[in-house]
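Per-entry structural report
Residue-level listing of the chains:
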Amino acid sequence: MDMRVAVVGAGGVGGYFGGRLAAAGGDVMLVARGRHLEAIRANGLSIRGAAGDVTVPPGAVVPSVDAVGRADVVLVAVKLWDTEDVARQLRPLAESGAAVVSLQNGVETREALRRHLPEESLLGGVCYVSAVIEQPGVVVHRGGFQKLVFGEYDGRRSERVVELAAQWAGAGPEAEVSTDITRMIWEKFVFLVGLSAATTAVRQPIGVVRGDAGSRALLLDVMRETVAVGRARGVALDPSFADERLAFCDTLPPDMAASMHHDLTHGNRLELPWLSGAVARLGAELGVPTPRNSTVADILSPYVQGAPATAG
Ligand SMILES: NC(=O)C1=CN([C@@H]2O[C@H](COP(=O)(O)OP(=O)(O)OC[C@H]3O[C@@H](n4cnc5c(N)ncnc54)[C@H](OP(=O)(O)O)[C@@H]3O)[C@@H](O)[C@H]2O)C=CC1
Ligand SMILES: CC(C)(CO)C(=O)C(=O)O
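Since we're looking at a predicted model, the values are computed, not measured.

**Section: the packing of aromatic side chains**
One pair of aromatic rings is described through two measures. These are the centre distance and the angle between the planes. All told, the structure shown has 9 aromatic pairs when counted by the stated rule. Measuring from ring centre to ring centre gives 6.3 Å for Tyr128 and Phe191, while their planes differ by 25°; the resulting arrangement is stacked. In this pair, Tyr128 is assigned in strand S8 (residues 122–135) and Phe191 in helix H6 (residues 181–202), connecting sequence segments 63 residues apart. Considered together, Tyr128 and Phe191 belong to a single accessibility category, that of buried residues. The ring centre of Tyr128 lies 5.2 Å from the NZ or CZ of Lys188, which sits over that ring. When the ring centre of Phe248 is taken as reference, the NZ or CZ atom of Arg245 above it lies at 4.2 Å.

**Topic: the environment of Ala94**
Inspection of the secondary structure assignment puts Ala94 in helix H3 (residues 83–95). Assessed through its relative accessible area of 7%, Ala94 is described here as buried. In this structure, the C-alpha to C-alpha distance between Ala94 and Asp2, residues 92 residues apart in sequence, is 18 Å. Among residues more than four places away in sequence, those in contact with Ala94 are Val100, Leu117, Pro118 and Ser121.

**Considering the site of ligand 2**
Around ligand 2 sit Asn105, Cys127, Tyr128, Val129, Phe145, Lys188, Phe191, Leu192, Leu195, Met256, Ala258 and Ser259, and that is every residue in its neighbourhood. Separating an oxygen atom of ligand 2 from a backbone N or O atom of Val129 is a distance of 3.0 Å. In this structure, Ser259 approaches ligand 2 through a side-chain N or O atom, which is 2.5 Å from an oxygen atom. In the complex, the protein chains occlude 95% of the 280 Å² of accessible area that ligand 2 would expose alone.

**Things to note about the site of ligand 1**
The immediate surroundings of ligand 1 are formed by 24 residues, with Val13, Arg33, Asn105, Ala131 and Glu271 found nearest. A distance of 2.5 Å separates an oxygen atom of ligand 1 from a polar side-chain atom of Glu271. Alone, ligand 1 offers 900 Å² of accessible surface; in the complex the protein occludes 84% of this. Of all the secondary structure elements, the ones that give two or more residues to the shell around ligand 1 are helix H1 (12–23), H3 and S8. Here the residues of the shell around ligand 1 are counted per class, giving 11 nonpolar, 8 polar and 5 charged. Taken together, domain 1 (4–179) and domain 2 (183–303) each give at least three residues to the shell around ligand 1, which thus spans both.

**Topic: helix H8 (residues 213–232)**
The first and last C-alpha atoms of H8 sit 28 Å apart over 20 residues, in line with the 28 Å expected at 1.5 Å per residue. If you check which residues of H8 are buried, you get Ser215, Leu218, Leu219, Leu220, Val222, Met223, Glu225, Thr226, Val227, Val229 and Gly230. In the core, the buried residues of H8 are packed alongside H6, helix H7 (206–211), helix H9 (241–249), helix H11 (276–286) and helix H12 (291–300). A side-chain oxygen of the first residue of H8 lies 2.9 Å from the backbone nitrogen of Gly214; this N-cap is Asp212. Backbone geometry just after H8 places Gly234 at a positive phi near 95°.

**Brief notes about the domain arrangement of the protein chain**
Structurally, the protein chain comprises domain 1 (4–179) and domain 2 (183–303). Relative to domain 2, the C-alpha centre of domain 1 lies at a distance of 24 Å. Summed over the three residues of domain 1 that lose the most area to domain 2, namely Trp81, Val107 and Glu108, the buried surface amounts to 31% of that side. The interface formed by domain 1 and domain 2 holds 3 salt bridges in total. Between Glu111 and Arg233 there is a salt bridge, with its nearest N and O atoms 3.9 Å apart. The tally of links between domain 1 and domain 2 comes to 5 residue pairs in polar contact (both at pLDDT 80 or more). Taken together, the elements giving at least two residues each to the side of domain 1 that touches domain 2 come down to S8 and strand S9 (138–151).

**Some details on the side chain of Glu108**
Here Glu108 shows up in the loop between strand S7 (99–102) and helix H4 (109–114). Given a relative accessible area of 19%, Glu108 falls into the buried group. Not counting chain neighbours up to four residues away, the residues in contact with Glu108 comprise Trp274, Ala278, Arg281 and Leu282.

**Let's talk about the UniProt feature "domain: Ketopantoate reductase C-terminal" (unreviewed entry) in the protein chain**
Per the UniProt entry, the sites bearing "domain: Ketopantoate reductase C-terminal" (unreviewed entry) are residues 180–301 in this numbering. Between the C-alpha atoms that bound residues 180–301 there is a distance of 33 Å. The span itself is 70% helix and 0% strand.

**Thoughts on the nonpolar core**
Counting residues in hydrophobic clusters, the biggest one holds 47 residues, and the most contacted among them are Trp186, Phe189, Ile206, Leu219 and Leu252. Per-element accounting of this core gives the leading share, 12 residues, to H6. Counting contributing residues per domain, this core is built from domain 1 (4–179) and domain 2 (183–303), each supplying no fewer than three. Not counting chain neighbours up to four residues away, the residues in contact with Leu252 comprise Phe145, Phe191, Leu195, Ile206 and Arg210. Among the nonpolar cores identified, the runner-up in size contains 36 residues, and Phe17, Leu30, Val56 and Ala99 belong to it.

Rules used in this analysis
Residues numbered from 1 in each chain as written. Chains lettered and ligands numbered in written order. Predicted model: local features only at pLDDT ≥ 70, side-chain atom pairs only at ≥ 80, totals over all residues. Heavy atoms only, no water. Phe/Tyr/Trp six-rings, centres within 6.5 Å; stacked < 30°, edge-to-face > 60°. Helix = DSSP H or I, 4+ residues; strand = E, 2+ residues; numbered from the N terminus. Buried < 20%, exposed > 50% of the residue type's maximum accessible area, 1.4 Å probe, protein only. Lys NZ or Arg CZ within 6 Å of the ring centre and 35° of its normal. Contact = heavy atoms within 4.5 Å. Near = heavy atom within 4 Å. Polar contact = N/O pair within 3.5 Å; in protein donor to acceptor, adjacent residues only side chain to side chain. Areas by Shrake-Rupley, 256 points an atom, 1.4 Å probe, with all protein chains shown as cover. Nonpolar A, V, L, I, M, F, W, Y, C, P; charged D, E, K, R; others polar. Domains from an automatic or database assignment. Expected span 1.5 Å × (residues − 1). Buried area = accessible area lost by both parts, 1.4 Å probe. Salt bridge = Lys/Arg side-chain N within 4 Å of Asp/Glu carboxyl O. UniProt positions renumbered as here; feature names shortened; annotations may be inferred. Core = buried A, V, L, I, M, F, W, Y, C linked by side-chain atoms within 4.5 Å.

Structural data, given as structure tokens:
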């Protein structure tokens with residue numbers, strides 16, 4: 001059965017997964033703003049990349065959550081600093097029965113969303129893709145994976161979660177249900193914190209990072225610390241998971257980098273406080289040493305709000 005899917009934030013993640021679903025005939029409403037919204041209104045949302053180019057017509061975009069009207073599911077795909085603002089706007093939709101799923105990175109979105117939304121509206125989500133807004137109205141998929149994972153936090157294979165994953169059948173991205181979504185979110189977090197810390201601190205893509213003994217050790221240590229913090233929080237991560245992820249990093253396209261690397265090189269704000277910064281903060285709370293993540297967080301700290309002003 002077709003679900004009506006609203007996507008808040010039509011950027012790299014929301015534009016890509018929402019746009020692919022819309023292009024395959026799904027009932028999708030994208031919420032966008034600013035110059036991106038204007039460009040989509042003028043020419044539609046153009047999605048380009050290895051999986052083929054498509055254009056989503058302007059009728060699939062609205063300027064605010066209020067304009068969505070009705071939704072069975074809302075995908076949250078804004079940067080992490082915008083989460084609580086969006087959560088406040090989503091309350092009426094969630095109270096009228098919409099499920100709310102974050103596709104964002106980080107391990108603290110459930111807490112952020114539940115401050116404003118009914119607990120029973122929340123589903124867990126994870127996505128794997130490398131996609132960016134190349135210019136207003138244009139999202140580019142930079143190749144490699146395109147995968148979604150959804151799950152009820154209590155592990156049930158509910159009707160809504162099974163139906164949600166089924167929406168992408170034939171649309172391009174792989175979509176599956178997990179009965180252990182918290183572990184899936186942490187597994188993604190281990191990889192993402194490693195990739196974002198190493199590619200952003202080194203300012204090079206994964207091919208360079210993994211090929212140099214020093215930066216390769218940094219990547220592995222950052223992921224090992226993240227595993228240790230997750231395990232101390234009670235998440236059932238395999239103790240050797242970081243080593244397994246390093247092997248996975250060896251299979252990635254050499255020119256791949258994390259979205260945070262893209263943000264640094266474009267002078268944008270960074271999600272660092274929710275990535276290596278969160279590992280350092282949670283590690284301190286739990287008594288788990290995180291020297292590599294703390295150092296990365298300190299080194300990149302001047303860039304967190306965007307490119308720093310030149311010293312006067
Ligand atoms: N890009 C990637 O490859 C991946 C990113 N992620 C994660 O997904 C999340 C989203 O990242 P990404 O897609 O890169 O971000 P983008 O910046 O590409 O897209 C977010 C979009 O949401 C818009 N937005 C923010 N608030 C609102 C609002 N209230 N109403 C309408 N639009 C809004 C932003 O507008 P504005 O620019 O005006 O703020 C922007 O256009 C992050 O947590 C990221 O870590 C996960 C996997 C891969
Ligand atoms: C590592 C990657 C590309 C995987 O989806 C990602 O989540 C990001 O760069 O933000």
